[in-house]
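In case you want the letters, here they are:
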Amino acid sequence: LTDNHCEYDLTPFPRIREILTKLVCNAANDLVAAEDCTVALLEIAGTLNDKAKAAAEEKWKPRLEAAQQLESAGLKQLEKRRDGEAGCEYRRLREQFISIVHTFFAQIALLAGGMGKEILPNPEIMEFYFQSPERKKIKERDALRMLTLAEKLCDTLRTNVSDTLALRTFCLAVAIKK
């Protein structure tokens, strides 16, 4: 906590930095670009459960192979544990996905407020944003509006609302300036 920094493993979230950069830099008042960002974010979110299952399967594979000689009740118990771990891994990946989206927009707000990019808490998330030729100066008011939308998205995704609806609403709201 003393260095105001956490490390994100971006491996499970391919292209998320590019997609969020496109949403901020290219999708202003462009519904097609906003929908493209929505579809891309939904693709990432849609793969998280499969990635979680694969990670749990890989971790539990040696145990399950060794347990083939056990009675079926013992094997079923191990399979339940594997499935439970897959569920936990999915929730971890989902929370990290939500956190990355929030962190991206929080850092947009910090930049708009005058913070230098060299002291951002998570500059690795902003890599594509800084490299984007379409990057423009964002007004602090607009950055705070987008951050508020990202916070609402975080709250919404933690409830029982459809990911498709939540992400589509978010991307369109970010794209449409009020």
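Higher on the page you've got the structure.
First things first, this report covers the structure right here in the doc. Treat the numbers as computed from the prediction; the structure is a model and nothing was measured. (Residues numbered from 1 in each chain as written. Predicted model: local features only at pLDDT ≥ 70, side-chain atom pairs only at ≥ 80, totals over all residues. Heavy atoms only, no water.)

## Here's the deal with helix α3 (residues 72-112)
- Taking 1.5 Å as the rise per residue, α3 with 41 residues should run 60 Å; its terminal C-alpha atoms sit 60 Å apart, in good agreement.
- Backbone geometry just after α3 places glycine 114 at a positive phi near 110°. (Helix = DSSP H or I, 4+ residues; strand = E, 2+ residues; numbered from the N terminus. Expected span 1.5 Å × (residues − 1).)

## Concerning a positive patch on the surface
- Together, Lys136, Lys139, Arg141 and Lys177 give the surface a local cluster of positive charge.
- If you trace the backbone, lysine 139 turns up in the loop between α4 (127-131) and α5 (140-157). (Patch = residues over 30% accessible without salt bridge, like charges linked within 9 Å, V, L, I, M, F, W, Y side chains within 5 Å. Areas by Shrake-Rupley, 256 points an atom, 1.4 Å probe, with all protein chains shown as cover. Salt bridge = Lys/Arg side-chain N within 4 Å of Asp/Glu carboxyl O. Lys, Arg positive; Asp, Glu negative; His and termini not counted. Charge placed at Lys NZ, Arg CZ, Asp CG, Glu CD.)

## Looking at the layout of surface pockets
- The space that makes up the largest pocket amounts to roughly 220 Å³.
- Contributing to the lining of the largest pocket are 15 residues, with Val24, Ala28, Lys136, Ile138 and Lys177 lying nearest its centre.
- Listed by contribution, the elements that provide at least two residues to the lining of the largest pocket are α1 (16-25) and α5.
- Class assignment for the residues of the lining of the largest pocket results in eight nonpolar, no polar and seven charged. (1 Å grid on protein atoms, 1.4 Å probe; cavity = no way out; pocket = protein on both sides within 12 Å on 5 of 7 lines; lining within 4 Å. Points joined across faces, edges and corners; volume = space filled by probe spheres on them. Nonpolar A, V, L, I, M, F, W, Y, C, P; charged D, E, K, R; others polar.)

## Considerations on the pattern of salt bridges
- Enumeration over the complete set of coordinates arrives at nine salt bridges.
- A salt bridge links glutamate 89 to arginine 92; the shortest N-O distance between them is 2.7 Å. Placement of both glutamate 89 and arginine 92 in helix α3 is noted, with a separation of three residues, approximately one turn of the helix.
- By sharing partners, the salt bridges in this structure join Glu57, Arg82 and Asp83 into a single network.

## Brief notes about the nonpolar core
- Ranked by internal contacts, the top residues of the largest apolar core, which has 51 residues, are Ile16, Phe105, Tyr129 and Phe170.
- Looking at this core, the elements that each hand over two or more residues are α1, α2 (31-66), α3, α4, α5 and α6 (163-175).
- No other element matches the eleven residues that α3 contributes to this core.
- Each residue touching phenylalanine 170, except ones within four places of it in the same chain, is listed here: Leu23, Val101, Phe105, Met146, Leu149, Ala150 and Leu153.
- Leu64, Ala67, Leu75 and Leu78 belong to the second largest nonpolar core, which has five residues in total. (Core = buried A, V, L, I, M, F, W, Y, C linked by side-chain atoms within 4.5 Å. Buried < 20%, exposed > 50% of the residue type's maximum accessible area, 1.4 Å probe, protein only. Contact = heavy atoms within 4.5 Å.)

Remember that the coordinates give geometry; whether it matters functionally is a separate question.
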